[in-house]
Structures are given as structure tokens and as C-alpha cells.
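# Examination of the molecular architecture
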Amino acid sequence: MGAQTENSELIKRTFGKYLAMSILITLSATLGMMIDNVIAGNLLGSGAVAAIGMSLSVFMLFSGCAGILETGAVALCARALGNRDADRVNVLFSVSLAAALAVGAALSAGGVAGADALATMLGAASGELHADTAAYLSGICSGAFAIVLLQLLMGFTRLDNAPQLGIVAIVGMSVCDVVFNLVAVCVLDLGLRGMGLATALAYCVAVGICCTHFLSKGNTLHLVNPVPHAGQLVGVLKTGLPDSLTRATVMVRTFTFNWLLLTVASAGAVAALSMLSSVNSFASSVTIGVGQTATLLCGIFFGEEDRGALKATLRTGMRMGLVLSCALCAAVFAFAPQVVGLFGLEGDAEAFGVVAVRAFILCVPIDLINQLFVNYYQGTGNVRAASAIAVGQSGLFAVLFALCTVWFWGATAVWTSFLVGEAVTLALQLVVANVLWKRRAAKRAVEGAPEAAADACERAGLLDKMMYLPETFQQAWRAWRAFSCEPDTASVAACSQQVAAWCEAQGIDGRRSYLVPLAVEEMAANAVEYGFAKTKHPAIDVKLILKRDGTLVLRMRDNGAAFNPMDLDLSAADPCSAVGIRMLRQGVKGVEYQNTVGLNNVVVTLSAPA
């Protein structure tokens, strides 16, 4: 097969493989409350749904604490993997896990002790709504530590080549939550307090399932003493800040919308908003799942300084995400009455709910684009851009729009504000990206390269402008080329020939021009022969990088079984076999191997001749 642009096929397959897992990880953060809403609406009535809705801000606090740790730690770990720094990965794993335990324990203790005061603070000041809200909070807060831990552990199992465990944990949690809730309500008659306790216990079960990975042979993450590395937590929190800002803004939005709906509408509208929060959580699991998959891959490629792979990841995320989000949007819009019916709403709550769902679901495709860039910027270390988008899309513009229009438009203004907020955020992104790109081009022109600046401006697409990569990115690279080959002998031989032709075209010395194509052919052939027996869509990618100092870097990736070609036992083999691998072992600056996100990654560095 001929040379490809930038390893796009392997990126597409890896993105698709991890997307489902990322969606489930995101869904886990609020799945318990979604299940509670459905069961409460059908067994306890709309009043119970309203009480759970009043508790949503506290639940979002728990998932927000989990999100800032999980997103920050995974993004930094991905960059460390791109730099092939396994020790830093273990430090980040240990520090973030210790922080999650401490924060979760504090939230559990404080939430249980202060449930009554929390209910009052959230707007349920008196009467049955206050009693129900306080009862639910006292139960759910007991599991705050598990809610925080679960999201972090699922993020690390995904990073450590065990994403399928997330499915097991989510299924286990969902089944347990339904069973425990039914027992608490129908058998033990514990009401909303029992529902909260049941959900807390279900999260504990999911945490236990995830912990099995860290006791298995496949685990590569190891605990170290976090105390000497406590300063690393600052980087985790800074990188995860956009996620924290998102949750905080959503808390403010939820509180404001509850107050507005109680003022201009009724408790039925609050129940509809609670139901809409569950629909939002389900829809957001798709958009955030796409974004978190991008964070994982973009963090690795950013660590490798691979602009082309970053761009290919963004394009893949955009295509897959828009297909999923548009399909979800069409389905939910068409079946909005049935969706509302799942939650058992009646009367004005049901009427409000149908309008709310149809108005809200239109924003999901735009939310997908916004969320993809939030996570991309987190993966590449641009916390400022990620934070600005996160605050805008999660509530700032929606709240401003609702406050200005709700007094004459009523509850419809609240439902419409979601779409307005997302659209304004995306429009501002496009404007800012174009302005900043023109400023950068003007700066280059002033520095003495007007023709190059004008050429770069003309060639750059919108995606290039929005990537915001540092000026030093790939600055040490003189030339590079990416190749892909099908998993068969003929394609491997053709790829080796293309590599040889590129080396010759770049004027690389004879020894390396002979060694590199030979090593590519032998390692790729080894993967074809032994590595793809259980791989549905096998692929091999090769990248060559010639640096300005003459160093040549060979990077090979494949999605076969984990195997380091440098571990191949050649002692008993024919001395004339595997010549390329033998020479690599003897005459290169370094050979490094990793298996990350299900990909074998071999990096060979060959110094320039003396």
C-alpha cells in the first residue's frame, strides 16, 4: 500500500476502539442519578424527581472533583507516555489516587453531616421538598468517595490497556443500582434516603471491579510513595482545571435555572429540569467521551511532537462524534414524549419536559465540537483556551441569555438557552482563532519572513488555526514522512522500498539507508506473522523523522499482540536471519518500546555519522 498522510488509519481504528470505553467512563459519573430519577419518577412520583433534581448540584460537585483529577492525571500521563517516561506515569498515578481518596473521604463525611443544611442552601427551604432533598443527600453523600474514585480508576484502566474493564464496572454498577434501589424502596420502604444509600453502594461495587486490574499481571501502573511528589498534584489540578470549571459552571447554571423556574413557572418545571439533567448526562457522555478519547491520543502525540497525528486525531474525533451526536439528536427529538415518559412525569411536568428535551437536544452536535477542542487543549497543555471554552459552553452564555429573556418568554427561555450558549461559544472560538492566526502571521512578517508568513496564512485551514501549537513545535525536525502498510508480505516489502527511497532522497548516509528499511521490513514481517492472530483490523504504521542535527528517528506502530521485537531471542537462530534487528541492537543510539492504548510502539534513534 502507498504512503499515507499521517498514520490516519491506525489512529481511526484506535479512536473507535477507545471511544465506547470513554463514553461509558463519562456516563459513570452521573449514571447513578439517572437511574434514581427513572425509579423515583415511576415509584415515588414527580415530587421525588424534583428532590433529586435539587440535589444535582452536589452530585455535580462529586463528579467535578473526580473529573479534575481524572482528566488532569490522564492528560499528563499521556504526554509522559509520548515522551516514554514510565516513572513519571507511576508518580502521577500515585499522587492523583492519594488525592482522590482524601477528597472523597472529606466529601462523604461533610455531605452526610450537613445534608439538612445543604438542602436549604440548594433552594429546598421548607416543606416536603426540603425533607425529601435532605433525605436523598444523606444517602448519596455516603458514597462520595466511591464516585470520585470510580472515575479516576476507570481513566487509568483505559490508559493501561484494560478499557474493557470499564464496561464490566458500568454494567455491574447499573445492575446493582437497580436491584438495590428496588429493595430499598419496595422491600425496606426507605424512600429517598434508601435510594441514595443504594446508589452509593452500587458505586462501591464498581470501584471494587476496577481495582481487580491493579492486582492483575497485565497491570503496568505501580504505586510509589506520593508524599515526596506531592508537588505534582499542582500540575494535575492545573491541567484538569477546565473540567472543574465546567462542573462549577454547571452547578451555578443548575441552581440559577431551578430558582428561575420556581419563580416564573412551577415545581413541575423543576422536575422537568431534573429529568433534562439526566438526558443531558446521557447526551454529554457521547460528546465528552469523544473529547476524552482525543485527550488520551493527543497527549501522546503532543509528547511525540507529531503535528500530523494531532490533526488526524481531531479530524477523526470530529467525524465520529458528529455522526453519533447527529443520530442521537434526531432520535431523541423524534421520540421526546417517550423519553419523558421513562421518568414517569405527569401533568405540567410532562408538558414542560417534552418542550425541554426537544429544545435542548438540538445543541448536542455543537456541544460535540466545543467539547472536542476543550479536551484537545487539555491534552496539549493549553489550559487557558480549554478553560475559556469550558466556562462558555457549560453555562455562562446560557445563564446570561436565560436571565435576560425568562421574564417575558417563561420556561421556554431556559430550555432554549442551552442551544444559544453552545452556539455563541463556538462562534467566539472561530473568531478568536482567526484573529490570533493573523497576529502570528504579522509577527513573522515583522521578523523578516513576509513571503513565508503570507504562504503559511494562505495554506492554513481552519483546523490548523485552532490547534494553537507552540512556535517551537517540531522545530528540531528537518524532514519527515509517514507510511502505512497492509498486514501482508507484499505490502511490507513495498513499504520497505518506500522507506529506502525516502532515505535516499534525504541524502542519508549509506549505512542508515540500508539498515532502516531492512529493520522496517523485518519488524513489520514479524508483526504480520505472529502479532495479528486476534486483531480484527490489523494495521502497521511507520514514521521517519530526520532532525536538523542529522539524527534519524524511526517510529513503528501496530495494533497487534503486545511484543517487543528487541526481546526476540536470536541466540539459537540462523546467524544470517533478522540481520536488521541484529544490527539495530549493536549500532543505534537507543531503542525504546511501549505498549500503550493497545498499540505496540517501537522508537529507534540513529545518530548522524561522526
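So, how was this worked out
Residues numbered from 1 in each chain as written. Predicted model: local features only at pLDDT ≥ 70, side-chain atom pairs only at ≥ 80, totals over all residues. Heavy atoms only, no water. Helix = DSSP H or I, 4+ residues; strand = E, 2+ residues; numbered from the N terminus. Rg over C-alpha atoms; globule rule 2.2 N^0.38 Å. Buried < 20%, exposed > 50% of the residue type's maximum accessible area, 1.4 Å probe, protein only. Contact = heavy atoms within 4.5 Å. Areas by Shrake-Rupley, 256 points an atom, 1.4 Å probe, with all protein chains shown as cover. Patch = residues over 30% accessible without salt bridge, like charges linked within 9 Å, V, L, I, M, F, W, Y side chains within 5 Å. Salt bridge = Lys/Arg side-chain N within 4 Å of Asp/Glu carboxyl O. pLDDT = per-residue confidence, 0-100. 1 Å grid on protein atoms, 1.4 Å probe; cavity = no way out; pocket = protein on both sides within 12 Å on 5 of 7 lines; lining within 4 Å. Points joined across faces, edges and corners; volume = space filled by probe spheres on them. Nonpolar A, V, L, I, M, F, W, Y, C, P; charged D, E, K, R; others polar. Core = buried A, V, L, I, M, F, W, Y, C linked by side-chain atoms within 4.5 Å. Expected span 1.5 Å × (residues − 1). Phe/Tyr/Trp six-rings, centres within 6.5 Å; stacked < 30°, edge-to-face > 60°. Lys NZ or Arg CZ within 6 Å of the ring centre and 35° of its normal.

As a further point, take the overall build of the protein chain. When its secondary structure is counted, the protein chain shows 23 helices and five strands. Against the 2.2 N^0.38 benchmark of 25 Å for 610 residues, the protein chain shows a C-alpha radius of gyration of 26 Å, consistent with a compact globule. On the principal axes, the C-alpha backbone points of the protein chain span a range of 85 × 60 × 45 Å. A burial count over the protein chain gives 58% of its 610 residues as buried. The long-range fraction of contacts in the protein chain, counting pairs at least 24 apart against all pairs at least 6 apart in sequence, stands at 79%. Just so you have it, the protein chain exposes about 23,800 Å², and 64% of that area is on carbon and sulfur atoms.

So, about a nonpolar patch on the surface. Side chains of Ile-167, Val-171, Val-175, Val-179, Val-183, Val-187, Leu-188 and Leu-190 sit close together on the surface and give an oily, nonpolar patch of about 660 Å² of accessible area. By the element assignment, Val-175 lies in helix α8 (residues 164-187). Look at Val-175 and you get partly exposed, because its relative accessible area is 48%.

This brings us to the confidence of the model for the protein chain. With 91% of its residues at a pLDDT of at least 70, the protein chain reaches an overall mean of 82. Taken together, the stretch residues 1-5 has pLDDT below 50 and engages in 15 contacts with residues farther than four places along the chain or on a different chain. The low-confidence segment residues 451-458 (pLDDT under 50) makes seven contacts with residues lying over four places distant or belonging to another chain.

Counted by the stated rule, this structure contains six cavities of 30 Å³ or more. Its volume calculated, the largest cavity comes out at about 590 Å³. Along its surface, the largest cavity is lined by 37 residues, and Val-250, Arg-253, Asn-280, Ser-284 and Ile-288 are the ones closest to its centre. Taken together, the elements giving at least two residues each to the lining of the largest cavity come down to α1 (8-43), α3 (56-82), α11 (241-264), α12 (267-303), α16 (364-379), α17 (383-409) and α18 (411-446). Of the residues contributing to the lining of the largest cavity, the split by class is 15 nonpolar, 17 polar and five charged. Roughly 110 Å³ of volume is contained in the second largest cavity. Leu-81, Gly-82, Leu-297, Ile-300, Phe-301, Glu-304, Arg-557, Gln-594, Thr-596, Val-597, Leu-599 and Asn-601 together form the lining of the second largest cavity. The set of elements that each furnish at least two residues to the lining of the second largest cavity consists of α3, α12, β4 (590-596) and β5 (599-606).

Attention now moves to the nonpolar core. Residues Phe-156, Phe-257, Leu-310, Phe-360, Phe-373, Tyr-376 and Trp-415 are the most contacted members of the largest nonpolar core, which totals 146 residues. At 18 residues, α12 tops the list of elements feeding residues into this core. If near-sequence neighbours (up to four positions away) are discounted, Phe-156 is found in contact with Ala-73, Cys-77, Leu-92, Phe-93, Ser-96, Phe-214 and Leu-221. Ala-479, Leu-515, Ile-540 and Val-542 belong to the second largest nonpolar core, which has 27 residues in total.

Let us look at helix α15 (residues 347-361). The end-to-end C-alpha distance of α15, which contains 15 residues, comes to 22 Å, matching closely the 21 Å that a straight helix rising 1.5 Å per residue would cover. Every buried residue belonging to α15 is among Ala-349, Gly-353, Val-354, Ala-356, Val-357, Ala-359, Phe-360 and Ile-361, and all of these are buried.

So, on to the packing of aromatic side chains. Counted under the stated rule, the structure contains 12 aromatic pairs. Between Phe-93 and Phe-156, the aromatic rings sit 4.9 Å apart at their centres with planes inclined by 75°, giving edge-to-face as the arrangement. Of this pair, Phe-93 sits in helix α4 (residues 86-113) while Phe-156 is found in helix α7 (residues 144-159), placing the two residues 63 residues apart along the sequence. Take Phe-156: its relative accessible area is 1%, and that puts it in the buried class. A ring pair is formed by Phe-373 and Tyr-377, whose centres lie 6.0 Å apart and whose planes are at 40°; its orientation type is tilted. Of the two residues, Phe-373 and Tyr-377 are both situated in helix α16; the distance of four residues between them amounts to about one turn of the helix. You can call Phe-373 buried: its relative accessible area is 1%. A relative accessible area of 2% places Tyr-377 in the buried class. Each member of the aromatic cluster is reached from another via a ring pair, and the members are Phe-373, Tyr-376, Tyr-377 and Tyr-468. The ring of Phe-333 has Arg-358 lying over it, and the distance from NZ or CZ to the ring centre is 5.3 Å.

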